[in-house]
Amino acid sequence: MTSKLKNHLRTLPHISLKTLLLTLLLVVSYDVVAECKSDLPLKGIVSIKNCDSKTQDCISANKATYSYFEAMKDDPTVLTILLQASPWRLYDQDMRIINIDEIAEMVKPSISKEVKQIVLIASWSGVAPSHNEKSLAQKLSKVLNNFPVTGMDGFLWLNKNGVAHTSRQAFTVTQSKNPYSVVNGTDVMVSLAAGWPINFEDDYVKQQDAERLMRAGAGWDILALCPERALKAYETAAKLTNPIAAYNAAIMRLDRNNKGDLNATTELLLQAARLGDKKSQEKLNQLTKSSN
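Residues numbered from 1 in each chain as written. Predicted model: local features only at pLDDT ≥ 70, side-chain atom pairs only at ≥ 80, totals over all residues. Heavy atoms only, no water.

### Regarding the sheet that holds strand β5 (residues 84–85)
Read from one edge of the open sheet, 3 strands run β5-β6-β7, paired in antiparallel fashion. Both outer strands of the open sheet, β5 and β7 (97–98), are each paired with one neighbouring strand and no more. (Pairing = 2+ DSSP bridges. Helix = DSSP H or I, 4+ residues; strand = E, 2+ residues; numbered from the N terminus.)

Set out below in structure tokens:
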């Protein structure tokens, strides 16, 4: 049995005036994030350079993430699970929100007498998003009858040997709007691998590109830690008939449970179910059953 379960699921360096001006312009584009209040321990800025394919050996951030995870040292007593995540939610490879019960069902067959611990290789999975909530790791542990589960204490980074470390910056600044890539063998910021589409959100809206707009929504949650903007992007993509966006928006509204959210959740799930989305139909059936 492998100890890994793949889901198919710094301070700023000295920079030139030109780079500084570019950095400041990109920071301004993140001003909206200030509207999203958070109890998370965030501080400072991390600036990340994109790989230049013209002069460097580049690899996409997603490819680097999975390649580096494969290089992680195996420990038969530890079950490691690689996922994209925000402090509130876990995501599969299609950027669909996965609930804790689903993760628990996935890992149960892999838990044996030899396995003593589960580690969520997922950003912020070990940090409670607020003082009155539990972390994703704690929630999973509870569902698994208090089986030991730990997570990451900030934004996840991986190096080429599969060694993880974290950062807790308030702003992640990229000096390029291109899709995130890294020099082959250098560290990758896993959240940015999912989050870079937020730089193109306006373009996706103009192009009515529902798939990429849905991924921008995931980016707002995973990278910008801004659920409000994530929900807005999901609902815009849902209007363009993207079923995963509709499902994600429904789950977020159901979790939020403000006035009107339950009705909105039902409508979003109905829309996605009509498009043939089985997960939405299952969730809709659950809600109907619980309301009877």
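### Some points on unusual backbone geometry
Of note, methionine 95 is a non-glycine position whose phi angle comes to about 70°, a positive value. Topologically, methionine 95 is positioned in the loop between β6 (90–91) and β7. Residue class for methionine 95 comes out buried when judged on its relative accessible area of 7%. Even without glycine at this site, leucine 225 takes up a positive phi of about 55°. If you trace the backbone, leucine 225 turns up in the loop between α7 (210–222) and α8 (227–239). (Buried < 20%, exposed > 50% of the residue type's maximum accessible area, 1.4 Å probe, protein only.)

### A short note on the state of the cysteines
Tallied over the full model, the rule gives 1 disulfide. Across the disulfide from cysteine 51 sits cysteine 58; the S-S distance is 2.0 Å. The disulfide joining cysteine 51 to cysteine 58 has a torsion of about -85° about its S-S bond and is therefore left-handed. Under the relative-accessibility criterion, cysteine 58 is labelled partly exposed at 27%. (Disulfide = S-S within 2.5 Å.)

### Considering the environment of alanine 216
Within the secondary structure layout, alanine 216 lies in helix α7. With a relative accessible area of 0%, alanine 216 lands in the buried category. Not counting chain neighbours up to four residues away, the residues in contact with alanine 216 comprise Pro197, Ile198, Glu201 and Tyr204. (Contact = heavy atoms within 4.5 Å.)

### A look at the confidence of the model for the protein chain
Mean pLDDT for the protein chain: 89, with 88% of residues reaching 70 or above. In the model, residues 6–30 has pLDDT below 50 throughout and makes 41 contacts with residues more than four positions away in sequence or in other chains. (pLDDT = per-residue confidence, 0-100.)

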